[in-house]
Amino acid sequence: MALFSSLTPVFIAIICVLIGVILKKTNGEKEKSETKSKPLSRPWVDEDLKDGTDHHLEEEEVDEEWQGLDENVAHVPFFAERYSEAEMIKRSQTFYELLNKRRSVRFLSDEPVPREVIDNVIRTAGTSPSGAHTEPWTFVVVQDPYLKHKIREIVEEEEEINYKKRMGDRWVNDLKRLRTNWIKEYLDTAPYLILIFKQVYGRLPNGKKKTHYYNEISVSIACGILLAALQNAGLYTVTSTPLNCGPQLRALLQRPANEKLLLLLPVGYPKKDATVPALTRKPLEDIMVVM
């Protein structure tokens, strides 16, 4: 009994040490797990510009039976026009030369542009492929001077903060050679602003959410086709991704919560005294690998 009494403090000390080791190991694993799951800090990434595939639907909200396409959709014969090799080379060269003239123009005239042209280029963008043919895009065309100016106010307010605080010295310095800043006069002067929203999910007839697969990639492809269509029509733009403006612009334009701003395009003719940076494009051998 006396021996047990003398050893009791030793046992208590050992138990305390073991408890301390266990707690330390548990806390370390918890911190490691939290660090691993914590996203990288990227202040230049707008919530509205994140890939919509990150938007997970609750299991009970997903309709497993129907995602918007009829299971029995008809398949019809496809007939394609085929050109001779000489005609193919000529057409591809001509199209390249047309798009090689495309430049990002920040000095846009207020000269009117036929509305039918805008309708046609957006129709063209709407021919883009999309994940499971969900067509997850909305093109908002703004021509009202009041709305254009409100958009400019929102964008310039946030862009000034971006340049001074969010973007960092490296990004700001990289933009200096392009002579761009947070002043966006073209948002007032361009006859049209086209704001492209990605629909991160859709709605089924029963009101449940419908998955829009690869929505950001799909809408980005549509934007590329839109840029080509604008160039083909003789119109110019500058691709603008106004960071941290998405929620305000969505509210201003009364867009639903499932639509996230991806791109803003001012569209019009260049001013007579417009200038662009003297940039060159990478040669073919730097952008293509043949195996």
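Residues numbered from 1 in each chain as written. Predicted model: local features only at pLDDT ≥ 70, side-chain atom pairs only at ≥ 80, totals over all residues. Heavy atoms only, no water.

Before going further, it helps to examine the overall build of the protein. Along its length, the protein carries nine helices and five strands. Walking the protein from its N terminus toward its C terminus, one meets helices and strands in the order α-α-α-β-α-α-α-β-β-β-α-α-β-α. Taken over 291 residues, the protein has a buried fraction of 33%. Within the protein, residue pairs in contact and separated by at least 24 positions form 83% of the contacts whose partners lie at least 6 positions apart. Carbon and sulfur atoms provide 56% of the accessible area of the protein, an area that totals close to 20,100 Å². (Helix = DSSP H or I, 4+ residues; strand = E, 2+ residues; numbered from the N terminus. Buried < 20%, exposed > 50% of the residue type's maximum accessible area, 1.4 Å probe, protein only. Contact = heavy atoms within 4.5 Å. Areas by Shrake-Rupley, 256 points an atom, 1.4 Å probe, with all protein chains shown as cover.)

Let's shift gears to the nonpolar core. One finds Ile118, Phe139, Ile194, Ile196, Leu226, Leu265 and Val267 to be the most contacted residues of the largest nonpolar core, which totals 22 residues. For this core, the secondary structure elements donating two or more residues are α3 (115-125), β1 (137-142), β2 (192-199), α7 (215-232) and β5 (259-267). Among the elements that make up this core, the one with the highest residue count is α7 (seven residues). For Ile118, the residues in contact, after removing those within four places along its chain, are Val113, Val141, Tyr192, Ile194, Leu235 and Val267. One finds Val142, Ile151, Phe197 and Leu253 within the second-largest nonpolar core, a separate group that totals 19 residues. (Core = buried A, V, L, I, M, F, W, Y, C linked by side-chain atoms within 4.5 Å.)

With that out of the way, let us pick up the confidence of the model for the protein. Chain-level pLDDT for the protein is 83 on average; 74% of the residues reach the 70-or-more range. Predicted confidence for residues 35-41 stays below pLDDT 50, and this span has zero contacts to residues more than four positions away or in other chains. Here residues 51-66 is a poorly scored stretch, pLDDT under 50, and it has 28 contacts once near neighbours within four places are set aside; other chains count. (pLDDT = per-residue confidence, 0-100.)

A few words now on the sheet that holds β1. If you walk across this open sheet you meet the three strands as β1-β2-β5, and the pairing is antiparallel. Of all the strands in the sheet, the pair left with one neighbour each is β1 and β5. Ignoring strand direction, the axes of neighbouring strands in this sheet form an average angle of 20°. Relative to β2, β1 is paired through six bridges, and the arrangement is antiparallel. Bridge pairing links Val142 to Leu193 in β2. (Pairing = 2+ DSSP bridges. Axes fitted to C-alpha atoms, helices over the stretch in contact; angles between N-to-C directions.)

The next point concerns the packing of α3 against α7. Where α3 meets α7, the closest approach of the two axes is 8 Å, and the angle between their N-to-C directions is 145°. α7 is crossed by α3, and the crossing has right-handed handedness. Between α3 and α7, the residues in contact are Val121, Ile122, Thr124 and Ala125 and Ala222, Ile225, Leu226, Ala229 and Leu230, respectively. Here the residues of the contact of α3 with α7 sort into eight nonpolar, one polar and no charged. (Left-handed = near helix turned anticlockwise from the far one by under 90°. Nonpolar A, V, L, I, M, F, W, Y, C, P; charged D, E, K, R; others polar.)

A separate point is unusual backbone geometry. Here the phi dihedral of His133 falls at roughly 55°; this positive angle occurs in a residue that is not glycine. The residue His133 is located in the loop between α3 and β1 in this model.

Another aspect to go through is a nonpolar patch on the surface. A cluster of nonpolar residues, Tyr213, Tyr214, Ile217 and Ile221, forms a patch on the protein surface that exposes about 400 Å² of accessible area. Checked against the element boundaries, Ile221 lands in helix α7. On the accessibility criterion, Ile221 (37% relative accessible area) is partly exposed. (Patch = residues over 30% accessible without salt bridge, like charges linked within 9 Å, V, L, I, M, F, W, Y side chains within 5 Å. Salt bridge = Lys/Arg side-chain N within 4 Å of Asp/Glu carboxyl O.)

The next subject is the pairing of β5. The buried count for β5 comes to nine of nine residues, which makes it a mostly enclosed element. Where β2 meets β5, eight bridges bridge the pair, whose relative direction is antiparallel. Across the sheet, Lys198 pairs through a bridge with Lys260, a residue of β5.

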